[in-house]
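Chain residues, written in single-letter form:
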Amino acid sequence: MDLLEAIILALVQGVTEFLPISSSGHLRIAGALLGQELDTDLLFDLIVHFGTLFSVFIYFRQKLTELLFSVFRILKSPVSCFRNWDNDYDLRFNTFILVSMIPAGIAGFTIRDQVETVFANPVGISSMFMVTGFMLYATKFYGEGTKGLTLKNTFIVGLAQALALLPGISRSGATISMAVYLGIKREDIANFTFIMMIPVLAGATLVDLLKLQTTGLADDMVLPLIVGFFVALVSGYYALKYLIILFKSKGIFYFAWYCWAIGIFGLIYFGLLGN
């Protein structure tokens, strides 16, 4: 992998990780167009995922600090904390995050490899882009939500996150869309759906790290890896920032047209034309 390819793939990862247009699908389609195998180099993939993970840490640093202190309070005095459940928003938020992790955690450790094997081809990925487009466009017909976060609706949003195991299904697109369908308030959606990604992204990164065989690092890969990390971090940060602004003011259904365009292109280029 040369430096230009590293920049392109890291930029694709950073921008698409949080925008509702599927980072995994874009990386695989981009890899196919660049003439690589559909799976990008595992070490590079790991590094750019670290970059986007750091970007969400930076963006939500204040909220994450509050949640971390809440964890310390729970560990120090769990009984008194849960007695104050109704008045402790951070306690409830942490609990909702744990509940949302259950579906994706089970799916990730049981069927992740099988699902990716079945759908890890350009035609299958393009089909999933079409599905993502329909999910996003459906949010156009839902108004402002009025409901808060609950154990039930956060578990359902977690089920939607598990769908992102399918390359071409956007994690943020699926979770935000489901939260909109459930009538959750947009402020809560914007915070919860992205913070809930942190444990799943970290877990997936850890799984990939365990798969990685230590075979040494070629000298010509050092610079692409460093550049890839920072390109993914910076592009991921600004993609996250402006998506939240757009979602709160306009919604996310506009991205449906983009997903449909990518899906149609892929079905024609890789399917009908046989490339």
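The rules we used
Residues numbered from 1 in each chain as written. Predicted model: local features only at pLDDT ≥ 70, side-chain atom pairs only at ≥ 80, totals over all residues. Heavy atoms only, no water. Helix = DSSP H or I, 4+ residues; strand = E, 2+ residues; numbered from the N terminus. Contact = heavy atoms within 4.5 Å. Axes fitted to C-alpha atoms, helices over the stretch in contact; angles between N-to-C directions. Parallel < 35°, antiparallel > 145°, perpendicular 65-115°, else oblique. Left-handed = near helix turned anticlockwise from the far one by under 90°. Nonpolar A, V, L, I, M, F, W, Y, C, P; charged D, E, K, R; others polar. Core = buried A, V, L, I, M, F, W, Y, C linked by side-chain atoms within 4.5 Å. Buried < 20%, exposed > 50% of the residue type's maximum accessible area, 1.4 Å probe, protein only. Polar contact = N/O pair within 3.5 Å; in protein donor to acceptor, adjacent residues only side chain to side chain. UniProt positions renumbered as here; feature names shortened; annotations may be inferred. Phe/Tyr/Trp six-rings, centres within 6.5 Å; stacked < 30°, edge-to-face > 60°. Lys NZ or Arg CZ within 6 Å of the ring centre and 35° of its normal.

With respect to the secondary-structure elements, valine 56 resides in helix α3 (residues 42-59). Separated by 180 residues in sequence, valine 56 and glycine 236 place their C-alpha atoms 7.7 Å apart. Residues contacting valine 56, with those up to four places away along its chain left out, are Phe18, Leu64, Phe194, Ile198 and Leu240.

The subject of this paragraph is the packing of helix α2 (residues 23-33) against helix α8 (residues 122-138). Closest axis-to-axis distance for the α2/α8 pair is 10 Å, and the angle between their directions is 140 degrees. Judged by the inter-axis angle, α2 sits oblique to α8. For the crossing formed where α2 meets α8, the hand is left-handed. When α2 is examined against α8, the residues Gly25, His26, Arg28, Ile29 and Ala32 are found in contact with a partner set consisting of Pro122, Ile125, Ser126 and Phe129. Counted by class, the contact of α2 with α8 contains 5 nonpolar, 3 polar and 1 charged residues.

With that out of the way, let us pick up the environment of glycine 263. Here glycine 263 lies in helix α14 (residues 255-272). Residues glycine 263 and methionine 197 lie 66 residues apart in sequence; the distance between their C-alpha atoms is 24 Å. Other than its neighbours up to four places away in sequence, glycine 263 contacts Ser126, Phe129 and Met130.

Right, let's talk about the nonpolar core for a bit. Considering soluble globular proteins, one finds that nonpolar side chains tend to be buried as a cluster. Of all hydrophobic cores here, the largest spans 42 residues; its most connected members are Phe60, Phe192, Phe194 and Ile195. Contact partners of phenylalanine 194, with chain neighbours within four places excluded, come to Phe18, Val56, Phe60, Ser172, Ile176, Leu240, Leu243 and Ile244. Formed by 12 residues, the second largest nonpolar core is a distinct cluster that contains Val12, Phe44, Val48 and Ala232.

Next up on the list: the packing of helix α6 (residues 89-110) against helix α9 (residues 151-162). Running from amino to carboxyl end, α6 crosses α9 at an angle of 30 degrees, the nearest separation of the two axes being 8 Å. Crossing geometry of α6 relative to α9 is assigned as right-handed. Between α6, through Thr95, Phe96, Val99, Ser100, Ile102, Pro103, Ala104 and Ala107, and α9, the contact on the second element is made entirely by Leu151, Thr154, Phe155, Gly158, Leu159, Gln161 and Ala162. Of the residues contributing to the contact of α6 with α9, the split by class is 10 nonpolar, 5 polar and no charged.

For α2, a buried count of 8 out of 11 residues is recorded, marking the element as mostly surrounded by other parts of the structure. Capping the start of α2 is the job of one residue whose side-chain oxygen sits 3.0 Å from the backbone nitrogen of glycine 25: serine 22.

Take the UniProt feature "transmembrane region" (unreviewed entry) in the chain next. Per the UniProt record, "transmembrane region" (unreviewed entry) is found at residues 42-60, 118-138, 158-182, 189-210, 222-240 and 252-272. Within residues 158-182, the helical portion is 64% and the strand portion 0%, while the C-alpha atoms at the span's ends are 13 Å from each other. Secondary structure content for residues 189-210 is 95% helix and 0% strand, and the end C-alpha separation is 32 Å.

Time to look at the packing of aromatic side chains. This structure, assessed with the given rule, holds 22 aromatic pairs. Ring geometry for tyrosine 237 versus tyrosine 238: centroids 5.2 Å apart, planes at 85 degrees, classification edge-to-face. Geometrically, the ring pair formed by phenylalanine 253 and tyrosine 254 is stacked, given 4.2 Å between the ring centres and 25 degrees between the ring planes. These aromatic residues form a ring-pair network of at least three members: Phe134, Tyr137, Phe141, Phe253, Tyr254, Trp257 and Trp260. Above the face of the phenylalanine 247 ring, arginine 186 is positioned so that its terminal group lies 5.2 Å from the ring centre.

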